[in-house]
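The residues making up each chain are set out below.
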Amino acid sequence: MDQKVGLLVLLLAVGLLCLSLAPVSQAEDLMEDVLGDEVDVEDELDLGLAGREEEEEEELEGDVQDEEAPPTPKTPPIPKVTYKAPEPMGEHFIAESFDRGTLDGWVLSSAKKEEADEDIAKYDGKWAVEEMKDSKLSGDKGLVLKTRAKHHAISAQLLRPFTFDTKPLIVQYEVNFQAGIDCGGAYVKLLSQTPDLNLDLFGDKTPYTIMFGPDKCGEEYKLHFIFRHKNPKTGEYEEKHAKKPDSDLRTYYTDKKTHLYTLVVNPDNTFEVLVDQTVVNSGSLLTDMTPAVNPAAEIEDPDDQKPEDWDERPKIQDPAATKPEDWDEDAPAQIPDEDAVKPDGWLDDEPEYIGDPDAVKPEDWDEDMDGEWEAPQVPNPACETAPGCGAWKRPMIDNPNHKGKWKPPMIDNPNYQGVWKPRKVPNPVFFEDLQPFRMTPFSAVGLELWSMTSDIFFDNFFITDDRSTAERWAADGWGLKKAAEGAADPGLATQMMSAAEERPWLWVVYVLTVALPVVLIIVFCCTGKKKSTETPAAEYKKTDEAQPDVKEDVKEEDEDEEEEEEKAEEAEEAEKSSPAAEEKSDGEESPAENEDEDAEKEATSDDKLEDDVLRRSPRNKKVRKD
């Protein structure tokens, strides 16, 4: 039972360790699963074979000490993933990888932000096309937001406008917060197709159809999906926000890895939000947006008013109740305890606090200005050993006769009418749009951002109406980054240390995981059930030394055998005393006597056999020769 409990505790500790660690990235598995056969992997060991012969010759020409020194072990090289720019295949509206190294096709905004100070009103934030600072793919470039505490705005025209009809909308792009993120966004806007759309003046007031992407400020991690819905009656647009994802998004903002953000909006009014091809939010445009797409059919009448005689009180004081005659409202809540007795040794004449005898009046004390100087009060040292000092007072206890102010009891209100609500009237602006998917067409994509952190990396913008095409583009772009980052991921020990730095409570898990198996091994290997000090008779060795007394159970067995022998002897004596036994003894011997003779013969033969063995023994021969 103890071994089963120990094994259970050991398994629990291992389980805690597995849950606390992020899974170790396996580069080769990632490249096979995500990229298939399109990824070129070069092993640096193979590349170095050509120059090994020259290195060996140089080593032979070196000093003898260098030749005799043991070779230092070399760590196996990290597999290198060769970058290949993704190529768009299938139907798409924009496919931008920035691998040309320029901003061709993108327009920097020269607008000014309305209702902002002149110093920060301009969209003068800097953009650049460059590789990531810690790039694992040489040649992979992206769009980088370079400045902090600035307004940034940049946009690009689509190949053709996207119209919401019978095919889904798939928007995806990559983001890497290279320096983390303090406060700022990395979302995109799909700019509505309007006659007055001017990308040179793209700003916060430019109409958009959808806003999608990550945003963070303080400890609030958001992943926006907002679309602007047009009221078919008034023609006004209203923003509809998707519900907050249930998933914890913190890791995507803090791990400094490239993440793929995908939005899918289907013609059946459903939507999906994915990060790294994993769904983190989903729902319906009709039921999971705030405020709701369709307004209520009825609303409260704004002109309705509550009647003056409307009684909303569910309980009232009993009007027929009267205060009892013996009710004393003046009785105090507490009274002195008459049973209390002053403790022995109480010092009535000693004050509880006295002036500090060691205190000295400051030299700059001016009695005319500061008044008469008094030493600060300190606890009276005479009271330290006494139960108390000063005038003794009886302690206060609750007054059993205290009842407080009398109030009539509460009863159900016979005139209660419930909580008043305005009456419902038909909503004058009611409409029912059962196809909110049919949004305003858009013709451009833009980034309009404010950030307190720089070096936000954007890459591989892609908009299409075919999901398989989007997945292929993701595999060629983001999948390649994931494989490269996985190949360069640190080992298990480094991951454990990094995880513990972010979550210090993991140190407790690590210690328990290491300590528990050690303790269990010590317990099960170095301890156990104590053996009985009494040795069974069957385990005694044949020796001439004195042996301890036999166990009680062995004694009981001997006693049983003696009883059986006594019974057998009594039976034999009874047979001998019978007349039939006497007649039989005249003619032949009894069976018992025959058995005794056979036993004597066997003993004699055993003794002869033993003597024969001793005579043949080499040791015995040696003794005779001597």
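Residues numbered from 1 in each chain as written. Predicted model: local features only at pLDDT ≥ 70, side-chain atom pairs only at ≥ 80, totals over all residues. Heavy atoms only, no water.

Quick notes on the overall build of the chain
Moving on, step 1. Check the secondary structure of the chain and you find 16 helices and 27 strands.
Moving on, step 2. Of the roughly 42,200 Å² of accessible surface on the chain, 51% is carried by carbon and sulfur atoms. (Helix = DSSP H or I, 4+ residues; strand = E, 2+ residues; numbered from the N terminus. Areas by Shrake-Rupley, 256 points an atom, 1.4 Å probe, with all protein chains shown as cover.)

Observations regarding the nonpolar core
Moving on, step 1. By size, the foremost hydrophobic cluster in this structure holds 63 residues, and its most contacted members are Leu169, Ile210, Phe225 and Phe458.
Moving on, step 2. In contact with Phe458, not counting residues within four places along its chain, are Phe98, Trp127, Gly142, Leu143, Leu145, Tyr173, Glu174, Val175, Ala186, Leu447 and Leu449.
Moving on, step 3. Membership of the second largest hydrophobic core comes to six residues, among which are Ile170, Val264, Phe462 and Ala470. (Core = buried A, V, L, I, M, F, W, Y, C linked by side-chain atoms within 4.5 Å. Buried < 20%, exposed > 50% of the residue type's maximum accessible area, 1.4 Å probe, protein only. Contact = heavy atoms within 4.5 Å.)

Some remarks on the pattern of salt bridges
Moving on, step 1. Taken as a whole and judged by the stated rule, the model has 24 salt bridges.
Moving on, step 2. The closest approach of N and O atoms between Lys189 and Glu448, which form a salt bridge, is 3.0 Å. Placement of the pair is Lys189 in strand β10 (residues 188–192) and Glu448 in strand β26 (residues 442–451), with a sequence separation of 259 residues. Note on accessibility: Lys189 and Glu448 belong to one class, buried. (Salt bridge = Lys/Arg side-chain N within 4 Å of Asp/Glu carboxyl O.)

Points about the side chain of His224
Moving on, step 1. Within the fold, His224 resides in strand β12 (residues 220–230).
Moving on, step 2. Here His224 is in contact with Tyr187, Met211, Phe212, Gly213 and Asp215, once residues within four sequence places are set aside.

Thoughts on the side chain of Asp215
Moving on, step 1. Inspection of the secondary structure puts Asp215 in strand β11 (residues 208–217).
Moving on, step 2. There is no salt bridge for the buried Asp215, and the closest opposite charge comes from Lys222, which lies 5.2 Å off by N-O distance.
Moving on, step 3. Contacts of Asp215, omitting those with residues within four sequence positions, involve Gly184, Gly185, Tyr187, Glu220, Tyr221, Lys222, His224 and Tyr253. (Lys, Arg positive; Asp, Glu negative; His and termini not counted.)

Structural notes on a nonpolar patch on the surface
Moving on, step 1. A cluster of nonpolar side chains, namely Val514, Val518 and Ile522, defines an oily patch on the protein surface of about 260 Å² accessible area.
Moving on, step 2. Topologically, Val518 is positioned in helix α12 (residues 506–526).
Moving on, step 3. You can call Val518 partly exposed: its relative accessible area is 43%. (Patch = residues over 30% accessible without salt bridge, like charges linked within 9 Å, V, L, I, M, F, W, Y side chains within 5 Å.)

Things to note about the state of the cysteines
Chemically, a disulfide is nothing more than a covalent bond linking the sulfur atoms of two cysteines.
Moving on, step 1. Considering all chains together, one arrives at two disulfides under this definition.
Moving on, step 2. The disulfide that involves Cys183 links it to Cys217, with 2.0 Å between the sulfurs. Disulfide Cys183-Cys217: the torsion about the S-S bond is -90 degrees, which places it as left-handed. Here the residue Cys183 occupies a position in strand β9 (residues 183–185), and Cys217 occupies one in strand β11, the gap between them amounting to 34 residues. (Disulfide = S-S within 2.5 Å.)

Here's the deal with unusual backbone geometry
Moving on, step 1. Put simply, Thr290 and Pro291 share a cis peptide bond, and its omega is -10 degrees.
Moving on, step 2. Even without being a glycine, Asn269 presents a positive backbone phi close to 75 degrees.
Moving on, step 3. Relative to the helices and strands, Asn269 resides in the loop between β14 (259–265) and β15 (270–275).
Moving on, step 4. For Asn269, a relative accessible area of 4% corresponds to the buried category.

Examining a negative patch on the surface
Moving on, step 1. Taken together, the side chains of Glu562, Glu563, Glu564, Glu565, Glu566, Glu569 and Glu570 make up a negatively charged region of the molecular surface.
Moving on, step 2. Mapping Glu562 onto the fold places it in helix α13 (residues 552–577).
Moving on, step 3. The exposure class assigned to Glu562 is partly exposed, which follows from its relative accessible area of 46%. (Charge placed at Lys NZ, Arg CZ, Asp CG, Glu CD.)

Focus: α12
Working note: α-helix, 3.6 residues per turn, so residues spaced by three or four point in the same direction.
Moving on, step 1. For α12, with 21 residues, the first-to-last C-alpha span of 30 Å sits near the 30 Å given by 1.5 Å per residue.
Moving on, step 2. Turning to α12, its buried residues are Leu506, Val509, Tyr510, Thr513 and Leu520. (Expected span 1.5 Å × (residues − 1).)

Some details on the pairing of β11
Moving on, step 1. By the criterion of burial, β11 is predominantly enclosed, with nine of the 10 residues buried.
Moving on, step 2. Inspection of the sheet shows β9 paired to β11 by three bridges, in the antiparallel sense. Each residue of the ladder has a partner; that of Gly185, found in β11, is Asp215.
Moving on, step 3. Bridge count between β10 and β11: four bridges; the pairing is antiparallel. Each residue of the ladder has a partner; that of Val188, found in β11, is Phe212. (Pairing = 2+ DSSP bridges.)

What to know about the confidence of the model for the chain
Moving on, step 1. Residues of the chain with pLDDT of at least 70 account for 71%, and the chain-wide mean is 79.
Moving on, step 2. Under a pLDDT of 50 for its full length, residues 619–626 has, in the predicted model, five contacts with residues more than four places off or in other chains. (pLDDT = per-residue confidence, 0-100.)

Points about the packing of aromatic side chains
Moving on, step 1. Scanning all chains against the criterion turns up 18 aromatic pairs.
Moving on, step 2. Relative to Phe442, the ring of Phe162 lies with its centre 5.3 Å away and its plane at 20 degrees, an arrangement referred to as stacked. Of the two residues, Phe162 is situated in strand β7 (residues 150–162) and Phe442 in strand β26; the sequence distance between them amounts to 280 residues. Of the two residues, Phe162 and Phe442, neither departs from the other in class, the shared state being buried.
Moving on, step 3. Connected via pairs of aromatic rings, a cluster forms that spans Phe98, Trp106, Trp127, Tyr173, Phe212, Tyr261, Phe458 and Phe461.
Moving on, step 4. Positioned above the aromatic ring of Tyr208, the side-chain terminus of Arg228 is 5.6 Å from the ring centre.
Moving on, step 5. For the cation-ring pair, Arg228 lies above Tyr237, with the distance from its terminal atom to the ring centre recorded as 4.6 Å. (Phe/Tyr/Trp six-rings, centres within 6.5 Å; stacked < 30°, edge-to-face > 60°. Lys NZ or Arg CZ within 6 Å of the ring centre and 35° of its normal.)

Topic: the environment of Thr287
Moving on, step 1. Inspection of the secondary structure puts Thr287 in the loop between β16 (278–284) and β17 (289–290).
Moving on, step 2. Note: C-alpha distance between Thr287 and Thr270 (17 residues apart in sequence) is 9.7 Å.
Moving on, step 3. Engagement of the side chain of Thr287 in a polar contact is seen with the side chain of Asp288, the distance being 3.4 Å. (Polar contact = N/O pair within 3.5 Å; in protein donor to acceptor, adjacent residues only side chain to side chain.)

Here's the deal with the pairing of β12
Moving on, step 1. Most of β12 sits inside the fold, with eight of its 11 residues counted as buried.
Moving on, step 2. Looking at chain direction, β11 and β12 are connected through eight bridges and run antiparallel. Its bridge partner being in β12, Gly213 is matched across the sheet by His224.
Moving on, step 3. If you look at the hairpin formed by β11 and β12, you'll find two residues sitting between the two strands, and Gly218 has a positive phi there, around 70 degrees.
Moving on, step 4. The hairpin turn running from β12 into strand β13 (residues 237–242), its antiparallel successor, is six residues long, and Gly235 in that turn takes a positive phi close to 80 degrees.

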